[in-house]
Amino acid sequence: MNVAIIGGTGYVGLVTGVGLAAHNHQVICADINETKINGLNNGILPIYEEGLSDLLSEVKARKKIHFTSNISAAVEASDIIFVSVGTPEGKNGETDISQLVRALKSIANNMNTYKLIAIKSTVPVGTNEMARKFLQSNLKNHSCSFDVVSNPEFLRVGSAVQDFLSPERIIVGADSKKAADMMKKLYSSFDTPIIVTDTKSAEMIKYACNSYLATRISFINEIAEICEKVNADIHAVLDGMKLDKRIGGLYLSPGPGFGGPCLSKDIKSLINTGVKANANVNLLKSVMGRNDVQIMNIMHTVEHELAEMDAKKVSVLGLSFKAGTNDTRNSPAIRLIEKLIEKNYEIVVYDPVVKQLEDVLNPQVTFSKSADEAAKGSDCLIIMTEWDEFKKMDLKSVYYRMRTPVIIDTRNILSVEEAFKAGIRYSGIGTRKLQNKETMKVYRNIV
Ligand SMILES: NC(=O)c1ccc[n+]([C@@H]2O[C@H](COP(=O)([O-])OP(=O)(O)OC[C@H]3O[C@@H](n4cnc5c(N)ncnc54)[C@H](O)[C@@H]3O)[C@@H](O)[C@H]2O)c1
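First things first, this report covers the structure right here in the doc. (Residues numbered from 1 in each chain as written. Predicted model: local features only at pLDDT ≥ 70, side-chain atom pairs only at ≥ 80, totals over all residues. Heavy atoms only, no water.)

1. Quick word on the pattern of salt bridges
- According to the stated counting rule, one finds 20 salt bridges in the structure shown.
- Where Asp181 meets Lys177, a salt bridge forms, and the shortest distance between an N and an O atom there is 2.6 Å. With Asp181 and Lys177 both in helix H8 (residues 177-186) and four residues apart, this pair spans about one turn of that helix.
- By relative accessible area, which is 33% here, Asp181 ends up partly exposed.
- For Lys177, a relative accessible area of 64% corresponds to the exposed category.
- Across the salt bridge formed by Asp266 and Lys265, the nearest N and O atoms sit 3.1 Å from each other. (Salt bridge = Lys/Arg side-chain N within 4 Å of Asp/Glu carboxyl O. Helix = DSSP H or I, 4+ residues; strand = E, 2+ residues; numbered from the N terminus. Buried < 20%, exposed > 50% of the residue type's maximum accessible area, 1.4 Å probe, protein only.)

Rendered as structure tokens:
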């Protein structure tokens, strides 16, 4: 089928375009960002995702995909028009749908025959209905008919290509049989259950999923804090929980809290929707609140560990919001760095793939070339992203490089026992401490 993706160089748009092209659809990725369009036409990808580069080369060679900033031409040439523009957080947790409105305007201006508009962006409940009315009242060519369907995306940053090509389910919110049948045809080569529902329920499914995942993370972070206070060990607690099939182990790792482009903004948006609808949203508010507590707790640990020190050089290992991506949007590491800057710590950072930060943060941190270099002369090493290379660090070497051998491992990726053996004063999230302050003073060494 002929498919256009409006927002086609974005995270979701590009992966959707390449994925549908791999399924033999004829795809045009259209975007207002000409730099990214030019880059893609010259083989430069705007994001890093495993497998994306190879798959793009393959579908390009078969002429299944094209990139353009000519939105009108893309709309005219396509039967199905995906909209995957950004829907960032607006004021007071509201979702800013201005990119969507602009995209809809372009579609309304350029419809030449029947079009199926599939909204992939995460949008508040009722937005598809609004989009249908907006298109109807802005349509230039009144002889054209159209349908609007909701087709939320569940891909994860870091495994986006695999998630798109092998999704666990495809959700289609459609108000007409014709629209639902077209979407089923589009996805007919995917070996995946397709759930067809109404547009509002489809929109809600996306928010319910992200809010549930965030709830699990906040829940286990709270359990981990209680473990620390009562001297229980979160690793043992998790081992005992995970085997319960009703619970399972995914999204149940204590850490610095959730981050990334979606979870926070989606929960805030759902809270906003609930409040407007007069629903009780106390649980969702607590999930968000707990996430903020997590960064504060890490800050408290840093301050507690360094309370007696004169020099305060802190090294942050990992900047992306999770391993496997260079995405730093709403990353816990960045939120922590902002707090460290407020307290005037000297900050050294290292990440295997992120090599610069936003302009406002860049001058306030020093980039290291390796974890080992970041440890040199440091008073506190904080692991914020679960990159494999941090799991394999030589802790004895880290011990000798640091001025004060203190590690705060917010991902629980190091062994408490190994850190203890290396002479390091170690804090995980919800883990037992094997050393006390006196031990640390004995082990303190100056590089
Ligand atoms: N990133 C994820 O992991 C993820 C996962 C599932 C769902 N989502 C949702 O998908 C949507 C897109 O997210 P993203 O991360 O891909 O955003 P993004 O910012 O990476 O991409 C959005 C793209 O839309 C383009 N754009 C904006 N207005 C346009 C217009 N009028 N015409 C053409 N192009 C336009 C931008 O230039 C940009 O390239 C959001 O609603 C998000 O919540 C994201």
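2. Topic: the packing of helix H12 (residues 282-305) against helix H13 (residues 332-342)
- Following both chains from N to C, one finds H12 and H13 inclined at 50 degrees, their axes separated by 10 Å at the closest point. Our classification of the angle between H12 and H13 gives oblique. Here H12 runs over H13; the crossing is right-handed. Seen from H12, the contacting residues are Asn291, Asp292, Ile295, Met296, Ile298, Met299 and Val302; seen from H13, they are Pro332, Arg335, Leu336, Lys339 and Leu340. (Axes fitted to C-alpha atoms, helices over the stretch in contact; angles between N-to-C directions. Parallel < 35°, antiparallel > 145°, perpendicular 65-115°, else oblique. Left-handed = near helix turned anticlockwise from the far one by under 90°. Contact = heavy atoms within 4.5 Å.)

3. Details of the site of the ligand
- Around the ligand lies a shell of 28 residues, among which Val12, Asp31, Lys36, Thr87 and Lys265 are the nearest.
- Residue Ile32 places a main-chain N or O atom 3.5 Å away from a nitrogen atom belonging to the ligand.
- Between an oxygen atom of the ligand and a side-chain N or O atom of Lys265, the distance comes to 2.6 Å.
- When the ligand is considered free in solution it has 830 Å² of accessible area, and contact with the protein chains removes 90% of it.
- The set of elements that each furnish at least two residues to the shell around the ligand consists of helix H1 (11-22) and helix H5 (98-110). (Near = heavy atom within 4 Å. Polar contact = N/O pair within 3.5 Å; in protein donor to acceptor, adjacent residues only side chain to side chain. Areas by Shrake-Rupley, 256 points an atom, 1.4 Å probe, with all protein chains shown as cover.)

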